[in-house]
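Reading the structure
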Amino acid sequence: MVQNVAREMADLEPEDFHLLSGVEQGMRFSEYVDREKLPQFSRLTAEDVDYRLDRCEDRGFLERKTMQYEGFKLTFEGYDALALHALVERGTIEGFGAPLGVGKESDVFEVSSYKPMALKFHREGYTQFREVNKEREYTADRDHVSWQYTARKAAEREYDALETLYPDVRVPQPIDTNRHAIVMEKIDGVELSRTKLDDQQVRPVLELILTEMGTAYDDGYVHADMSEYNVFVGTDGITIFDWPQAVPADHANADELLARDVENILGYFQRKYPRFVDDIEVDAVADALLAGEFESLSDHD
């Protein structure tokens, strides 16, 4: 658990991070790194490597396996420690708080510095590595792909999308990133799936979401995974989050993915609030967004 990692950080020494970084480097070439190669990768003496291996393994940061050789690999806790260390060293975060959300492909925690923020750790590829590897384009051109690489690329893609879209689109403000971790603005609000909208709010909230999707497309991105689970509704409007699967607007399938996003969001509203939005056509709304001509749902009743 990341909370355990955060508690261990104060007891770790610079050489421990050199070792973890060395294992990380070695895992670019194989799942388990030969113990004999760790002095080279970590730039530590063989004696120091032996000492640091025990310290890091005892803390759950490394996993050992004996094959034709004795090998070590980072656990996700070890990868978390490296990312946390980098973000603390930069002064991005100072304190680690409570979980904000734990999911299949990411964990989000409250962190603090000059203000409360959210720290998101991507978990893509760790528990369902082969399935994720097939679906995500950023792993398609590599022969050996580690779960660290998959998670880091997901974080990079999401951070790039947030940097491009903020503040034109209502997305969390990106603050910093390292490896598979992103520090971003903490959003106050309730997930759309858990929100009960008043009758007068249904169409305005849907219009807000569709408008933001259209602006995102104009600014260069399609979310590509829109649902009621990645929209926050707050007193000041809506915020769209979770962008690791975002694709550029010039992607060959961007128009199709935008239409699917519209279908997902509109379908949710039609299931939950049918008498307010039942007559709206997905294709008409998607075409208007693609053309930059969406202004109101009343144009598509």
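Keep in mind it's a predicted model, so treat the numbers as computed, not measured.

Both trends apply: most residues other than glycine have a negative phi, and most peptide bonds are in trans. Between Y166 and the following residue, P167, the backbone shows a cis peptide bond with an omega angle of 5°. Mapped onto the elements of the fold, P167 is located in the loop between α7 (147–165) and β7 (174–178). At R43, a position not held by glycine, the phi torsion is positive, near 60°. Secondary-structure assignment places R43 in the loop between α3 (38–42) and α4 (46–58). The exposure class assigned to R43 is exposed, which follows from its relative accessible area of 79%.

With that out of the way, let us pick up the pattern of salt bridges. Enumeration according to the criterion identifies 23 salt bridges in this entry. In this structure, D80 engages R123 in a salt bridge whose closest nitrogen and oxygen atoms are separated by 2.8 Å. Pair noted here: D80 is in helix α5 (residues 76–89) and R123 is in the loop between β6 (116–122) and α6 (129–135), with a separation of 43 residues, a long-range link. Residue classification places D80 among the buried positions, given a relative accessible area of 1%.

A separate point is a negative patch on the surface. On the surface, E263, D278, D279, E281, D283 and D287 cluster together to form a negatively charged patch. Looking at where D278 falls in the secondary structure, it is placed in the loop between α10 (274–277) and α11 (282–291).

Considering soluble globular proteins, one finds that nonpolar side chains tend to be buried as a cluster. If you look at the biggest cluster of nonpolar residues, it comprises 49 residues, and the most contacted ones within it are I209, L210, M213, W243 and F269. Per-domain counts for this core show at least three residues from each of domain 1 (3–183) and domain 2 (189–293). Sequence-distant contacts of I209, that is, excluding residues within four places in its chain, are made with L192, M226, V231, I238, I240, I265 and F269. Core analysis: the next-biggest nonpolar cluster, separate from the first, contains 37 residues, V2, V23, F72 and L87 among them.

It is worth spelling out the domain arrangement of the chain at this point. Here the domain parsing of the chain yields domain 1 (3–183) and domain 2 (189–293). For domain 1 and domain 2, the distance between their C-alpha centroids amounts to 32 Å. Contacts between domain 1 and domain 2 engage 19 residues on the former and 18 residues on the latter. Roughly 1500 Å² of surface becomes buried between domain 1 and domain 2 when both sides are summed, with 53% attributable to carbon and sulfur atoms. If you sort the residues of domain 1 by the area they bury against domain 2, R157, L165 and R170 come out on top, with a joint share of 37%. Connecting domain 1 to domain 2 are 2 salt bridges. The salt bridge partner of D236 is R170, with a shortest N-O separation of 3.4 Å. Across the contact surface, domain 1 and domain 2 share 6 residue pairs in polar contact (both at pLDDT 80 or more). Mapped onto the side of domain 1 that touches domain 2, the elements with two or more residues apiece are β6 and α7. Among the elements that make up the side of domain 1 that touches domain 2, the one with the highest residue count is α7 (8 residues). In terms of residue class, the side of domain 1 that touches domain 2 is built from 8 nonpolar, 2 polar and 9 charged.

This brings us to the sheet that holds strand β8 (residues 181–185). Reading across from one edge, β4-β5-β6-β8-β7 is the order of the 5 strands in this open sheet, with antiparallel pairing throughout. Edge strands, defined here as strands with exactly one partner in the open sheet, are β4 (95–102) and β7. If you compare each strand with its neighbour and ignore which way they point, the axes differ by 25° on average. Along the sheet face, α7 touches β6, β7 and β8 and points at about 160° away from the line of β7.

Turning our attention to the side chain of D107. Considering the arrangement of structural elements, one finds D107 in strand β5 (residues 106–112). According to the relative accessible area criterion, D107 is buried, its value standing at 12%. Reaching out from D107, the side chain makes a polar contact with the side chain of R123 at a distance of 3.0 Å. With residues near it in sequence (within four places) discarded, D107 still touches G101, V102, L119, K120, F121 and R123.

Let's shift gears to the pairing of β8. One face of the sheet, then the other: side chains in a regular strand alternate in exactly this way. Within β8, 4 of the 5 residues are buried, which leaves it mostly tucked inside the rest of the structure. Here β6 pairs with β8 via 5 bridges, running antiparallel. Each bridged residue has a counterpart across the sheet, and for K120 the counterpart in β8 is I182. Linking β7 back to β8 in an antiparallel pair, the connection comprises 2 residues, with R179 at a positive phi of about 55°.

Reading the values: rules and limits
Counting starts from 1 at the beginning of each chain's written sequence and moves along it residue by residue. Only residues with pLDDT of 70 or above have their local features reported here, since the model is predicted, and side-chain atom pairs are shown and tallied only from 80 upward, although totals for entire chains, interfaces and linings are computed over all residues. Only hydrogens and water are removed before side-chain values are computed, so all heavy atoms of the structure are retained for them. Secondary structure counts use DSSP, requiring at least four H or I residues in a row for a helix and at least two E residues in a row for a strand, with both numbered from the N terminus. For each residue, the accessible area found with a 1.4 Å probe, counting protein chains only, is set against the maximum for its type, and the residue is called buried under 20%, exposed over 50%, and partly exposed in between. Take a side-chain nitrogen of Lys or Arg and a carboxyl oxygen of Asp or Glu: if they are within 4 Å of each other, that pair is a salt bridge. Patch membership requires over 30% relative accessible area and the absence of a salt bridge. Like charges are linked within 9 Å, and nonpolar side chains (Val, Leu, Ile, Met, Phe, Trp, Tyr) within 5 Å. The protein chains shown are the only cover counted for residues, whose accessible areas, like all others here, come from Shrake-Rupley with a 1.4 Å probe. We score Asp and Glu as negative and Lys and Arg as positive, and we do not count His or the chain ends. By convention, charge coordinates are those of NZ in Lys, CZ in Arg, CG in Asp, or CD in Glu. Take the buried residues of types Ala, Val, Leu, Ile, Met, Phe, Trp, Tyr and Cys, join any two whose side-chain atoms come within 4.5 Å, and each joined set is a nonpolar core. As annotated, the domain borders come from an automatic or database domain assignment. In what follows, a contact means two residues having at least one pair of non-hydrogen atoms within 4.5 Å. In short, buried area is how much 1.4 Å probe accessible area vanishes from two parts on joining, totalled over both. Whenever two N or O atoms come within 3.5 Å, that pair is a polar contact, provided that in protein one can donate a hydrogen and the other can accept it, and provided that, for residues adjacent in sequence, both atoms are side-chain atoms. Residues are sorted three ways: Asp, Glu, Lys and Arg are charged, Ala, Val, Leu, Ile, Met, Phe, Trp, Tyr, Cys and Pro are nonpolar, and all the rest, Gly among them, are polar. Pairing between two strands requires that DSSP report at least two bridges joining them. Comment: axis = line fitted to C-alpha atoms, over the contacting stretch for helices; angle = value between 0 and 180 degrees taken between N-to-C directions.

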